[in-house]
Amino acid sequence: MVASRSTPQDTGTLVVFGITGDLARKMTFRALYRLEHRRLLPGPVVGMVAPDWDHQRLVERARQSVTEANRAAGEDVDEAVLARLLDRLRTVSGDYGEPDTYLALAKTLGSARRGVFYLAVPPALFATIARRLAEVGLADGSYLMVEKPFGHDLASARALNEQLHEVLAEEQILRVDHFLGKEPLLDVQYLRFANSLFEPVWNRHHIAAVQVTMAENFGVADRGSFYDATGALRDVVQNHLLQLLATMAMDPPSGATDDAVRDQKVDVFRAMPDADPAHYVRGQYRGYLDVDGVAAGSTTETYVALRVDIDNWRWSGVPFFLRAGKSLAARVTEVRVVFHRPPRLAFLGEPTRPEPTQIVLRVDPDPGLQLVVLAKDPARPAPRRVPLELLFGEALGQFDEPYERLLHAALVGDHSLFVREDAVEETWRILAPLVETPPVVEEYEPGSWGPQSADTLLRGLSSWHDPWTAR
């Protein structure tokens, strides 16, 4: 069946595949509750469930999920808001592969046949669900919102895209990377382009290096089977960290369309050479092999550190260092922009070149901006590093949560926060040499900052800076 090339229309109907899964329990129901609280849910929410589920069981799952998620966030449940959300729920039960399931879904939707079909299910089901939706006429004019991972390498990503494009136009596919729904990534665009202080120095003439860290202070826990088949590079670097890098490195968009920002990010990826395995370190925390679901003798990495480059006019010669891992010393995600060192300040009695100025954007937890400058140490005639901090929550108030923002964007037809096919394929292309010829995995101690060999990536240039941890 050939995909329709008509432009999808805005819709208020949300159909959730995987509504009884872990992601829905932790994130989706809370996001829907918060949207209902702001009266931003315009239509019904249809939950696709297994044959052994009924409507009342789904309602109870929704109530329990919202209660638990709000409790974890330190918030009470507004029973009136929850009641409105539960009243929106509709239930369709059946097997995802069976045509009768989609006939029942079409009957439930009635005249509201255009919708957002949110696939919080394994990627192996994406093409099957898309094809079945098309067979009953539900794909035309609708959006398909799909969770990562989108492929496990370049070839599989292309194959999956081809399968979806048999029944869907590219503009109908909304690929989710929840990092793009985080407030700090949107703040980056304002900080860079709305403040003339930053943009003139955001280039190779002033910046010496950029460090991106995504550290978690916990292990794989009960996700052994999933994680062992994925690893850190596929789990967070190909998507989250490269999207964060592109947001920091892109040129200013020239228009206000959905594709304006996405075009600039893809230009960053296209300017990046294939990553070099010689500048790649893999680690595995001690104890990982004892986790349930992890294969005996597994060489899956729980830590990665790598260098990538951007060969364009703005960034040529500036190294970008990425690291991510589990069971590290702290939980923090940040981007640290390190400027060139100033010359020796002989007139101030400084015998060596001072430390460089740094700008740190903390994405998680407690998002904020830190400007690290030098000031005179009152105790002696020498400079001392002084951090100037802005915590977004304190200064700007509370903001939308990622899935709340992404679900609303999908419902109103805003594509700017979703990943395009060309971005997916470019990021897999960049990392392909690391996937195909990975170095030996090295053991590291839980609670450390990973294998010591990661320090060699920065030798002669800088060193890893300790992240700005939350108060």
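Shown above is the structure to which this text applies.
These notes cover the structure that comes with them. (Residues numbered from 1 in each chain as written. Predicted model: local features only at pLDDT ≥ 70, side-chain atom pairs only at ≥ 80, totals over all residues. Heavy atoms only, no water.)

Further remarks concern unusual backbone geometry. In this structure, P149 follows K148 across a cis peptide bond, with omega equal to 5 degrees. Note on placement: P149 falls in the loop between strand 5 (143–146) and helix 6 (154–165). In this structure, the amide linkage connecting D364 to the following residue, P365, adopts the cis form with an omega of -25 degrees. Here P365 shows up in the loop between strand 12 (358–364) and strand 13 (368–376). If you check the backbone angles, R39 has positive phi at about 55 degrees while not being a glycine. When you line up the elements, R39 lands in the loop between helix 1 (22–37) and strand 2 (45–49). Backbone geometry places D366, a non-glycine residue, at a positive phi of 55 degrees. Secondary-structure assignment places D366 in the loop between strand 12 and strand 13. (Helix = DSSP H or I, 4+ residues; strand = E, 2+ residues; numbered from the N terminus.)

What follows concerns the nonpolar core. F17, L105, F117, L245 and L306 are the most contacted members of the largest nonpolar core, which totals 105 residues. Per-element accounting of this core gives the leading share, 11 residues, to helix 9 (residues 231–249). (Core = buried A, V, L, I, M, F, W, Y, C linked by side-chain atoms within 4.5 Å. Buried < 20%, exposed > 50% of the residue type's maximum accessible area, 1.4 Å probe, protein only.)

As a further point, take the packing of helix 1 against helix 12 (residues 402–412). Where helix 1 contacts helix 12, the two axes come as close as 8 Å, and the packing angle between them is 65 degrees. With respect to each other, helix 1 and helix 12 are oriented roughly perpendicular. The interaxial crossing formed by helix 1 with helix 12 has right-handed handedness. Counting all contacts with helix 1, which are made through L23, M27, T28, A31, L32, R34 and L35, the residues of helix 12 involved are Y403, E404, L407 and H408. For the contact of helix 1 with helix 12, the class distribution of residues is 7 nonpolar, 2 polar and 2 charged. (Axes fitted to C-alpha atoms, helices over the stretch in contact; angles between N-to-C directions. Parallel < 35°, antiparallel > 145°, perpendicular 65-115°, else oblique. Left-handed = near helix turned anticlockwise from the far one by under 90°. Contact = heavy atoms within 4.5 Å. Nonpolar A, V, L, I, M, F, W, Y, C, P; charged D, E, K, R; others polar.)

With that out of the way, let us pick up the pairing of strand 2. Put simply, side chains in a regular strand alternate between the two faces of the sheet. Within strand 2, 5 of the 5 residues are buried, leaving the element largely enclosed by the surrounding structure. The alternating pattern of strand 2 places V45, G47 and V49 and V46 and M48 on opposite faces, both of which are buried. Here 4 bridges tie strand 1 (residues 14–17) to strand 2, and the two strands are oriented parallel to one another. Paired with L14 across the two strands is V45, which belongs to strand 2. The parallel pair strand 1 and strand 2, bridged by helix 1, forms a crossover whose chirality is right-handed. By the bridge criterion, 5 bridges tie strand 2 to strand 3 (residues 89–93) in an arrangement that is parallel. Counterpart to V45 in the pairing with strand 3 is L89. (Pairing = 2+ DSSP bridges. Right-handed = clockwise from strand over helix to strand, strands pointing away.)

To continue, consider helix 1. With 16 residues, helix 1 should cover 22 Å at 1.5 Å per step; its first-to-last C-alpha distance of 22 Å lies within 8% of that length. At T28, helix 1 shows its largest bend, some 35 degrees. Listed as buried for helix 1 are A24, T28, F29, R30, A31, L32, Y33, R34, L35 and E36. Contacts from the buried residues of helix 1 go to strand 1, strand 2, helix 2 (55–72), helix 3 (79–88), strand 4 (116–119) and helix 12. Positive phi shows up at R39, right after helix 1, with a value of about 55 degrees. (Expected span 1.5 Å × (residues − 1). Bend = angle between axes of the 7 residues up to and from the residue.)

Within this structure, the stated rule accounts for 4 cavities of 30 Å³ or more. The space that makes up the largest cavity amounts to roughly 140 Å³. For the lining of the largest cavity, the elements supplying multiple residues, two or more each, are helix 9 and helix 13 (421–436). Residue composition of the lining of the largest cavity, grouped by class: 7 nonpolar, 4 polar and 4 charged. (1 Å grid on protein atoms, 1.4 Å probe; cavity = no way out; pocket = protein on both sides within 12 Å on 5 of 7 lines; lining within 4 Å. Points joined across faces, edges and corners; volume = space filled by probe spheres on them.)

Another aspect to go through is the packing of helix 7 (residues 183–193) against helix 9. Orientation of helix 7 relative to helix 9, taken along the N-to-C sense of each, is 15 degrees, at an axis distance of 9 Å. The pairing of helix 7 with helix 9 is recorded here as roughly parallel in orientation. Here helix 7 runs over helix 9; the crossing is right-handed. Listed contacts from helix 9 to L185, V188, Q189 and R192 of helix 7 are L244, T247, M248 and A249. Among the residues forming the contact of helix 7 with helix 9, the class breakdown is 5 nonpolar, 2 polar and 1 charged.

Let's shift gears to the side chain of Q358. Tracing the backbone shows Q358 in strand 12. We classify Q358 as buried; its relative accessible area is 0%. Residues within four places of Q358 in sequence aside, it is in contact with R336, V337, V338, F339, Q370, L371, V372, R385 and H465.

Take the pattern of salt bridges next. All chains considered together, the criterion is met by 37 salt bridges. D251 is the partner of R314 in a salt bridge, and the nearest nitrogen-oxygen pair spans 2.6 Å. In this pair, R314 sits in the loop between strand 9 (303–308) and strand 10 (320–325) while D251 sits in the loop between helix 9 and helix 10 (258–270), placing the two residues 63 residues apart along the sequence. For D251, a relative accessible area of 32% puts it in the partly exposed group. D422 is the partner of R420 in a salt bridge, and the nearest nitrogen-oxygen pair spans 2.9 Å. The class for D422 is partly exposed, based on a relative accessible area of 22%. (Salt bridge = Lys/Arg side-chain N within 4 Å of Asp/Glu carboxyl O.)

Quick look at the sheet that holds strand 4 now. Strand order in the open sheet formed by 6 strands is 3-2-1-4-5-6, and the pairing between neighbours is parallel. Both outer strands of the open sheet, strand 3 and strand 6 (173–175), are each paired with one neighbouring strand and no more. When strand polarity is set aside, the average angle formed by the axes of neighbouring strands in this sheet is 20 degrees. Along the sheet face, helix 4 (residues 99–109) touches strand 1, strand 2, strand 3 and strand 4 and points at about 155 degrees away from the line of strand 3.

Where burial is concerned, most of strand 12 is hidden: 7 out of the 7 residues are buried. Two strands pair when backbone bridges link them, and strand 11 (residues 332–339) and strand 12 are joined in this way by 6 bridges, in the antiparallel orientation. Residue pairing in the sheet places T333 in a bridge with D364 of strand 12. Note: strand 12 against strand 13, 5 bridges, orientation antiparallel. In the sheet register, R362 faces strand 13, and the bridge partner there is G368. Two successive antiparallel strands, strand 12 and strand 13, enclose a turn made up of 3 residues, where D366 displays a positive phi of approximately 55 degrees.

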